[in-house]
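Below, each chain spelled out in residue letters.
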Amino acid sequence: MKALVVYGSRYGTAAEIAEEIARVIKEEGIEVDLRDAKSVKDSDASLYDLIVVGSGIKMGKWTKESLKFLQKNKKSLASKKVAIFVSCGSANEEKADLKDRKSIWMKWLKKT
């Protein structure tokens, strides 16, 4: 099995999370490639059995590089094991409404 972890990070937190995810996958004996979405030009997701994609979120938006990776590999990802993660500083604010977060996710999923 081979895994790919791709991340987009504005301030470094998503990169740290991606590194930890890659470390845990590697500890399970799985070959893993860790890539910053900014440096992924022609990455072919079809070469991997598991793809993990993540991003920091700012103003409800993923980084453009992570979104480009998802869009570019949309067909290949449909038949793969895929996991996504986000890093958001306001995620645990009490005043943040769960409905608002769900709405943001639903809009994003419809776009991809």
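Predicted model, so just to flag it, every value in this text is computed and none were measured. (Residues numbered from 1 in each chain as written. Predicted model: local features only at pLDDT ≥ 70, side-chain atom pairs only at ≥ 80, totals over all residues. Heavy atoms only, no water.)

Draft legend 1. Summary view of the overall build of the protein chain. When helices and strands are counted, the protein chain shows four helices and four strands. Reading the helices (α) and strands (β) of the protein chain from amino to carboxyl end gives β-α-β-β-α-α-β-α. Expressed as a percentage of the 112 residues in the protein chain, the buried residues total 35%. Relative to all contacts within the protein chain whose residues are 6 or more apart in sequence, the contacts with residues 24 or more apart total 75%. Total accessible area on the protein chain is roughly 7500 Å²; 52% of this is exposed by carbon and sulfur atoms. (Helix = DSSP H or I, 4+ residues; strand = E, 2+ residues; numbered from the N terminus. Buried < 20%, exposed > 50% of the residue type's maximum accessible area, 1.4 Å probe, protein only. Contact = heavy atoms within 4.5 Å. Areas by Shrake-Rupley, 256 points an atom, 1.4 Å probe, with all protein chains shown as cover.)

Draft legend 2. Looking closely at the environment of Phe 85. Relative to the assigned elements, Phe 85 resides in strand β4 (residues 81–87). Leave out the neighbours within four places in its chain, and Phe 85 touches Tyr 7, Ala 14, Ile 17, Ala 18, Ile 21, Val 52, Val 53, Gly 54, Ser 55 and Trp 62.

Draft legend 3. Expanded view of the sheet that holds strand β2 (residues 31–36). Taken together, the four strands give an open sheet; going across it, the order is β2-β1-β3-β4, and neighbouring strands pair in parallel fashion. Two strands close off the open sheet at either side, each with one partner strand: β2 and β4. Going across the sheet, the axis of each strand differs from the next one's by a mean of 15°, ignoring polarity. As paired strands, strand β3 (residues 50–56) and β4 are joined by seven bridges and run parallel to one another. In the strand pairing of β4, Val 52 is matched with Ala 83. On top of the sheet, helix α1 (residues 13–27) reaches β1 (2–8), β2, β3 and β4; it is set at about 170° to β1, its chief contact. Contacts from helix α2 (residues 64–72) reach β1 and β3 within the one sheet, and its direction differs from that of β3 by about 150°. (Pairing = 2+ DSSP bridges. Axes fitted to C-alpha atoms, helices over the stretch in contact; angles between N-to-C directions.)

Draft legend 4. Region of interest: the side chain of Ser 55. Inspection of the secondary structure puts Ser 55 in strand β3. A distance of 2.8 Å separates a polar side-chain atom of Ser 55 from the backbone nitrogen of Thr 63. (Polar contact = N/O pair within 3.5 Å; in protein donor to acceptor, adjacent residues only side chain to side chain.)

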